[in-house]
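Breakdown of the fold
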Amino acid sequence: AQKVTQAQTEISVVEKEDVTLDCVYETRDTTYYLFWYKQPPSGELVFLIRRNSFDEQNEISGRYSWNFQKSTSSFNFTITASQVVDSAVYFCALSSAGGTSYGKLTFGQGTILTVHP
Amino acid sequence: DSGVTQTPKHLITATGQRVTLRCSPRSGDLSVYWYQQSLDQGLQFLIQYYNGEERAKGNILERFSAQQFPDLHSELNLSSLELGDSALYFCASARQGSTYNEQFFGPGTRLTVL
């Protein structure tokens with residue numbers, strides 16, 4: 001069975017602070033993919049990043065960075081110098097190659113990030 | 001804009017009724033996934049289609065059914081609706097139906113059952 005845990009239900013920061021969103025996953029498969037999605041107040045789900053289980057290199061995209069650590073089954077997401085527009089719900093998700101999953105995503109419960117001006 | 005379209009945006013109906021939600025995938029995408037987002041269950045996978053064929057099933061109730069048509073658009077049919085079916089229903093599409101494909105989500109259909 002697959003599981004994704006986002007232990008932080010809500011995080012509140014002031015603009016320009018750095019913030020890290022935690023994600024811990026469980027899977028028995030050796031090949032899997034991890035994703036982060038953003039859900040702004042408008043409601044749509046926006047794809048942010050995909051990472052495969054064989055690539056533990058950290059990734060940076062502008063103010064966003066991701067830290068993948070297979071040893072601790074974690075895939076954390078950091079926003080540097082947060083802005084009000086970063087306020088959203090962030091979901092971590094897992095797609096596993098085993099069985100008949102065919103790419104279905106297992107989502108965490110989401111972390112509500114509020115950035116105050 | 002992800003390129004995935006869903007209609008209608010909002011739907012309000014009564015218990016016991018039947019509704020149809022429609023999804024058009026991004027151009028070139030062969031796979032369609034349906035997800036349900038509710039406050040108590042979070043985001044849950046319902047069903048996946050690939051090039052017209054059902055590929056995988058998740059926590060989809062027997063009262064719910066779906067299909068993907070030759071033009072690749074998909075419909076999710078919800079019948080004998082209950083109050084607990086009120087949720088945001090997302091459709092996502094992917095190039096193939098594989099594990100590594102990122103899925104692009106439509107804007108969702110918000111269903112309210114009164």
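Throughout what follows, the structure given in this document is the object of discussion. (Residues numbered from 1 in each chain as written. Chains lettered and ligands numbered in written order. Predicted model: local features only at pLDDT ≥ 70, side-chain atom pairs only at ≥ 80, totals over all residues. Heavy atoms only, no water.)

Next up on the list: the overall build of chain A. Assigned secondary structure in chain A consists of zero helices and 12 strands. Each helix and strand of chain A, placed in order from N terminus to C terminus, yields the pattern β-β-β-β-β-β-β-β-β-β-β-β. Relative to its length of 117 residues, chain A is compact, with a C-alpha radius of gyration of 14 Å against a globular reference of 13 Å. Its C-alpha atoms give chain A principal-axis dimensions of about 45 × 30 × 20 Å. The buried share of chain A, taken over its 117 residues, is 45%. Considering only intrachain contacts with a sequence separation of at least 6, the fraction spanning at least 24 residues in chain A is 56%. For chain A, the accessible surface area stands at approximately 5600 Å², while carbon and sulfur atoms represent 49% of it. For chain A, the centre of its 9 positive side-chain charges and the centre of its 12 negative side-chain charges are spaced 6 Å apart. (Helix = DSSP H or I, 4+ residues; strand = E, 2+ residues; numbered from the N terminus. Rg over C-alpha atoms; globule rule 2.2 N^0.38 Å. Buried < 20%, exposed > 50% of the residue type's maximum accessible area, 1.4 Å probe, protein only. Contact = heavy atoms within 4.5 Å. Areas by Shrake-Rupley, 256 points an atom, 1.4 Å probe, with all protein chains shown as cover. Lys, Arg positive; Asp, Glu negative; His and termini not counted. Charge placed at Lys NZ, Arg CZ, Asp CG, Glu CD.)

Attention now moves to the interface of chain A and chain B. Contacts between chain A and chain B engage 21 residues on the former and 23 residues on the latter. If you look at where chain A meets chain B, you find one salt bridge. Two residues, E102 of chain B and R50 of chain A, come together in a salt bridge whose shortest N-O distance is 2.6 Å. Viewed at the interface, chain B and chain A are joined by four residue pairs in polar contact (both at pLDDT 80 or more). Elements supplying a minimum of two residues to the side of chain A that touches chain B: β5 (32-39), β6 (46-52) and β10 (88-96) of chain A. With four residues, the single largest contributor to the side of chain A that touches chain B is β5 of chain A. When its residues are assigned to classes, the side of chain A that touches chain B shows 10 nonpolar, eight polar and three charged. (Salt bridge = Lys/Arg side-chain N within 4 Å of Asp/Glu carboxyl O. Polar contact = N/O pair within 3.5 Å; in protein donor to acceptor, adjacent residues only side chain to side chain. Nonpolar A, V, L, I, M, F, W, Y, C, P; charged D, E, K, R; others polar.)

Here we come to the pairing of strand β3 (residues 19-24) of chain B. Residue and element names in this part refer to chain B. In β3, alternate side chains face the same way, and those of V19, L21 and C23 are buried while those of T20, R22 and S24 on the opposite face are not. Pairing of strand β1 (residues 5-7) with β3, which is carried by three bridges, proceeds in the antiparallel orientation. Each bridged residue has a counterpart across the sheet, and for T7 the counterpart in β3 is R22. Pairing analysis gives five bridges linking β3 to strand β8 (residues 74-78), with the strands arranged antiparallel. In the strand pairing of β8, R22 is matched with E75. (Pairing = 2+ DSSP bridges.)

Residues and elements named next belong to chain B. The four strands are arranged β1-β3-β8-β7 in an open sheet whose pairing can be described as antiparallel. Strands at the two margins of the open sheet, each flanked by one partner only, are β1 and β7 (64-68). Along the sheet, successive strands turn relative to each other by an average axial angle of 15°, direction set aside. (Axes fitted to C-alpha atoms, helices over the stretch in contact; angles between N-to-C directions.)

Let's shift gears to the state of the cysteines. All names here are of chain A. In the structure shown here, the tally under the stated rule is two disulfides over all chains. With its sulfur 2.0 Å from that of its partner, C23 forms a disulfide with C92. Across the disulfide from C23 to C92, rotation about the S-S bond amounts to roughly -65°, and the bridge is consequently left-handed. With C23 in the loop between β3 (19-21) and β4 (24-26) and C92 in strand β10, this pair connects stretches of sequence that are 69 residues apart. (Disulfide = S-S within 2.5 Å.)

Glancing now at the packing of aromatic side chains. Tallied over the entire structure, the rule returns 23 aromatic pairs over all chains. Ring centres 6.5 Å apart and planes at 70° place the aromatic pair F64 of chain B and Y89 of chain B in the edge-to-face group. With F64 of chain B in strand β7 and Y89 of chain B in strand β9 (residues 87-94), the pair connects residues that are 25 residues apart, well separated along the chain. With respect to class, F64 of chain B is no different from Y89 of chain B; both count as buried. Among the aromatic residues, ring-to-ring pairing joins F35, Y37, F47, F91 and F107 of chain A together with Y33, Y35, F45, F90, F104 and F105 of chain B into one connected group. In this structure, R55 of chain B is placed above the aromatic ring of Y50 of chain B, and the distance from its NZ or CZ to the ring centre is 4.5 Å. (Phe/Tyr/Trp six-rings, centres within 6.5 Å; stacked < 30°, edge-to-face > 60°. Lys NZ or Arg CZ within 6 Å of the ring centre and 35° of its normal.)

As far as function goes, none of this settles anything; it's purely spatial.
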